Amino acid sequence: MSIITLIKALPKAELHLHIEGSLSPILMWNLAQKHRISMPYNSVEEIEQAYQFSDLQSFLDLYYAGADVLRDEDDFYRLMKDYLDACDRDNIVHAEIMFDPQTHTNRGVGFDVFMPGFLRAIRDVQENRGMSVKLIMSFLRHLTEAAAIETLKNAEPWYDNIHAVGLDSSELDHPPEKFERVFSMAREAGFKLVAHAGEEGPPEYIWQAINLLNVDRIDHGVRCQEDAELMSLIKHRKIPLTVCPLSNLKLCVIEDMTEHNIVDLLNAGLMVTVNSDDPTYFGGFLNDNFIALHNALGLTHSQCAQLVKNSFAASFLTDEEKRTWCNAVDKLLEQTGSPV
Ligand code: ADE
Ligand code: ZN
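A quick note: this is a predicted structure, and the numbers were derived from the prediction, not measured.

A. Geometry of the pairing of strand 4 (residues 164-168). The element strand 4 is extensively covered by neighbouring structure, given that five of its five residues are classed as buried. Residue alternation in strand 4 divides its side chains into two sets, Ala164, Gly166 and Asp168 and Val165 and Leu167, and both sets are buried. As defined by bridge partners, strand 3 (residues 132-140) adjoins strand 4 across five bridges and the pair is classed as parallel. In the sheet register, Ile136 faces strand 4, and the bridge partner there is Ala164. With helix 8 (residues 145-154) bridging strand 3 and its parallel neighbour strand 4, the resulting β-α-β unit is right-handed.

Here it is as structure tokens:
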């Protein structure tokens, strides 16, 4: 079986996906028409052409502007439904999906609008397809910790539907230590914890996410390689890194995919996983990320299988669910006679 066929056939988990970053240009266009919102684009093609970024901030400016077309419950249903349909195409059987409440509450769109939309789409796929989904509520780190605490409180009626809390948006000048108290409150409320760190920010931010926020996973974390002591800690504590290759390329974290360090991190024994981050902005969903790694770095069948097994091991599924999916990966490799 060719590696491309294997990538497509393997059941996978995606752990680092911003639902607002899966808004397609066509849906953005249609929702702008529906709500009579004027945009600085005259066509869907013009939206696509605007997706050229020089760094994280240049992307975030477009991403927040794009999210403004999401106004009513049905828009959020459509957004989630589109991503879950893409999961079906890529054989993603489990997804842990981030959403940014403050991107919406700050423009007057409340939890009572977006949560029912998200949950209706999720319920559909859980019933019809057996796919599992967990939601991660992310705080915007360019805003204050007080605003994050208020968001945590406003989310209370929805706690049963939220599995984890995260931290995203502009990394530089917004270190994890700024959010120590709200992360401690979230942990006491029973949430799992993740945080973006070491995407553009220095290894020090990864140290802070681990030591001050007590995160269960690091989102990105690729800059850990600059600090041998940190690498060793991440390895021995088996702290997962949710790496996003096409995102790193599009946001100029690397200049060329051949420079990506995910295979080095994997070979060094770190629990790294492959993810799409904001697929409609970065030119590819999950399988495209695996294929890009294979094309640039010659990702092998066994490396690919290891990354996929890591995606389950690093998830918030139960140990039994993790075992079931990892066994399914092994069985597929055996059946197809894939080299391991
Ligand atoms: N929000 C959406 N995508 C992000 C990324 N790659 N880094 C930080 N915040 C984000
Ligand atoms: Zn991200």
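B. Local environment of the coordination of the zinc ion (ligand 2). Looking at the zinc ion (ligand 2), the protein donor atoms are His16 (NE2), His18 (NE2), His196 (NE2) and Asp277 (OD), and they sit 2.0 to 2.2 Å from it. Note that the zinc ion (ligand 2) binds four donor atoms; their angles at the metal cover 83 to 174°, and the shape is irregular. Positions of the donor residues of the zinc ion (ligand 2) along the chain correspond to the pattern H-x1-H-x177-H-x80-D. Of the two residues, His18 sits in strand 1 (residues 12-18) while His196 sits in strand 5 (residues 192-197), which places them 178 residues apart along the sequence. A single burial state applies to His18 and to His196, both of which are buried.

C. The arrangement of empty space enclosed by the protein in detail. Scanning the entire structure with this criterion turns up one cavity of 30 Å³ or more. The calculated volume of the largest cavity comes to roughly 100 Å³. Among the elements that make up the lining of the largest cavity, the one with the highest residue count is helix 4 (residues 56-67) (five residues). Each residue belonging to the lining of the largest cavity can be placed in one class, and the counts come to seven nonpolar, four polar and five charged.

D. Examining the site of ligand 1 more closely. Neighbouring ligand 1 are His18, Leu56, Phe59, Leu60, Tyr63, Asp168, Ser169, His196, Glu199, His220, Asp277 and Asp278. Notes on ligand 1: free accessible area 260 Å², of which the protein chains cover 100%. Its atoms largely coinciding with the cavity grid, ligand 1 occupies the largest cavity. In terms of residue class, the shell around ligand 1 is built from four nonpolar, four polar and four charged.

E. Layout of helix 15 (residues 286-297). The terminal C-alpha atoms of helix 15 lie 16 Å apart, and with 12 residues this matches the ideal 16 Å at 1.5 Å per residue to within 8%. Those residues of helix 15 that sit buried are Leu286, Asn287, Asn289, Phe290, Ile291, Ala292 and Leu293. Of the residues one or two after helix 15, Gly298 is the one with positive phi, at around 65°.

Thresholds applied
Residues numbered from 1 in each chain as written. Chains lettered and ligands numbered in written order. Predicted model: local features only at pLDDT ≥ 70, side-chain atom pairs only at ≥ 80, totals over all residues. Heavy atoms only, no water. Buried < 20%, exposed > 50% of the residue type's maximum accessible area, 1.4 Å probe, protein only. Helix = DSSP H or I, 4+ residues; strand = E, 2+ residues; numbered from the N terminus. Pairing = 2+ DSSP bridges. Right-handed = clockwise from strand over helix to strand, strands pointing away. Donors = N, O, S within 2.8 Å, 3.2 Å for Na, K, Ca; no water. Tetrahedral: all angles 85-135°; square planar, octahedral: opposite > 155°, others 65-115°. 1 Å grid on protein atoms, 1.4 Å probe; cavity = no way out; pocket = protein on both sides within 12 Å on 5 of 7 lines; lining within 4 Å. Points joined across faces, edges and corners; volume = space filled by probe spheres on them. Nonpolar A, V, L, I, M, F, W, Y, C, P; charged D, E, K, R; others polar. Near = heavy atom within 4 Å. Areas by Shrake-Rupley, 256 points an atom, 1.4 Å probe, with all protein chains shown as cover. Sits in = over half its atoms within 2 Å of the grid points. Expected span 1.5 Å × (residues − 1).

Keep in mind these numbers describe shape, not what the thing actually does.
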